[in-house]
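# Breakdown of the fold
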Amino acid sequence: GAVVSQHPSRVICKSGTSVKIECRSLDFQATTMFWYRQFPKQSLMLMATSNEGSKATYEQGVEKDKFLINHASLTLSTLTVTSAHPEDSSFYICSATKGSRSDYNEQFFGPGTRLTVL
Amino acid sequence: QQPVQSPQAVILREGEDAVINCSSSKALYSVHWYRQKHGEAPVFLMILLKGGEQKGHEKISASFNEKKQQSSLYLTASQLSYSGTYFCGTEDYGNEKLTFGTGTRLTIIP
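Summarised in this report is the structure supplied together with it.

Criteria and thresholds
Residues numbered from 1 in each chain as written. Chains lettered and ligands numbered in written order. Predicted model: local features only at pLDDT ≥ 70, side-chain atom pairs only at ≥ 80, totals over all residues. Heavy atoms only, no water. Helix = DSSP H or I, 4+ residues; strand = E, 2+ residues; numbered from the N terminus. Buried < 20%, exposed > 50% of the residue type's maximum accessible area, 1.4 Å probe, protein only. Contact = heavy atoms within 4.5 Å. Areas by Shrake-Rupley, 256 points an atom, 1.4 Å probe, with all protein chains shown as cover. Lys, Arg positive; Asp, Glu negative; His and termini not counted. Charge placed at Lys NZ, Arg CZ, Asp CG, Glu CD. Salt bridge = Lys/Arg side-chain N within 4 Å of Asp/Glu carboxyl O. Pairing = 2+ DSSP bridges. Axes fitted to C-alpha atoms, helices over the stretch in contact; angles between N-to-C directions.

### Some remarks on the overall build of chain B
- Within chain B one finds zero helices and eleven strands.
- Reading the helices (α) and strands (β) of chain B from amino to carboxyl end gives β-β-β-β-β-β-β-β-β-β-β.
- A principal-axis box enclosing the C-alpha atoms of chain B has dimensions of 40 × 25 × 20 Å.
- Looking at the 110 residues of chain B, the share that counts as buried comes to 45%.
- Contacts in chain B between residues far apart in sequence, at least 24 positions, make up 56% of those at least 6 positions apart.
- On chain B, roughly 5,600 Å² of surface is accessible, and the fraction owed to carbon and sulfur atoms is 50%.
- In chain B, the 11 positive side-chain charges and the 10 negative ones have mean positions that sit 5 Å from each other.

### Re the pattern of salt bridges
- Applying the stated criterion across every chain, the model contains five salt bridges over all chains.
- Across the salt bridge formed by B:K97 and A:E59, the nearest N and O atoms sit 3.1 Å from each other. Highlighted residues: B:K97 in the loop between β9 (84–91) and β10 (98–100) and A:E59 in the loop between β6 (57–58) and β7 (67–73), drawn from two different chains.
- In this structure, B:K55 and A:E106 form a salt bridge, with 2.7 Å as the shortest nitrogen-oxygen distance. Residue B:K55 is found in strand β6 (residues 54–56), and its partner A:E106 is found in the loop between β9 (90–97) and β10 (108–109); the two belong to separate chains.

### Examining the sheet that holds strand β7 (residues 61–65) of chain B
Residues and elements named next belong to chain B.
- Ordered in space as β1-β3-β8-β7, the four strands form an open sheet in which the pairing is antiparallel. The open sheet is flanked by β1 (4–6) and β7, the only strands paired with a single partner. Here the strands of the sheet are splayed against their neighbours by 15° on average, with no regard to which way each runs.
- Sheet analysis places β7 next to strand β8 (residues 70–75), joined by five bridges and oriented antiparallel.

### Remarks on unusual backbone geometry
- For the peptide bond that leads from A:H7 to A:P8, omega is 0°, which places it in the cis range.
- Looking at the secondary structure, you find A:P8 in the loop between β1 (4–7) and β2 (10–13).
- Of note, the phi angle at A:S83 is positive, near 45°, even though the residue is not glycine.
- Relative to the helices and strands, A:S83 is located in the loop between β8 (76–81) and β9.
- A positive phi is found at B:A77, a non-glycine position, where the angle reads about 45°.
- Its location among the elements puts B:A77 in the loop between β8 and β9.
- With a relative accessible area of 44%, B:A77 lands in the partly exposed category.

### Concerning the sheet that holds β7(A)
Residues and elements named next belong to chain A.
- Reading across the sheet, the four strands line up as β1-β3-β8-β7 and stay open at both edges, with antiparallel pairing between neighbours. Two strands bound the open sheet, and with one partner strand each, they are β1 and β7. This sheet shows a mean twist of 15° between the axes of neighbouring strands, independent of strand direction.
- The pairing of strand β3 (residues 19–25) with β8 spans six bridges and is antiparallel. Along β8, the bridge assignment pairs E22 with T78.

Take a look at the structure:
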């Protein structure tokens, strides 16, 4: 299998605080991990792409200083929302690829993290 | 630009068939299809590659017209469990990055 976990599944925080979300590939080494944000009744929007040991590549319009991504190992990527505000409240989902041609670049998704900023 | 899906929403009776379309303005390397239920992560359904290769579940079928930059997902003999929002994700250059479509909300009623 190819299982991706996320922690925490839900987080509520006060405005101005920082929140860290972890994304782990449990049974494979992830060459690339992706972070998405999804607002209610909307599609998934890619925020950034991260590769182990290198800086993340952010999509246009995503503030890199606000959404810090660290891809410390082939099985762990973290997203830190710094100085969170109510407009950052959203469903954050990570995914990972194995980098194997036989998988056709299939992305394996984590279960998501619901962030609510009060 | 975000791929456009049609229809936006559809309601079916159990056992009926549906077709969901995904149209891109860019040349595509692959199209991925996912189903998402409320509050959950997307679940993989199918991948179709330029050149004809594909990978997916046995009960799901799809097509990919490279020239028209379009893909269609075919759901036959729908079951209640098929309810959810369907997204296509398009990959431009084989760089693994997906751009998700606008979504199609499917409701199956008994």
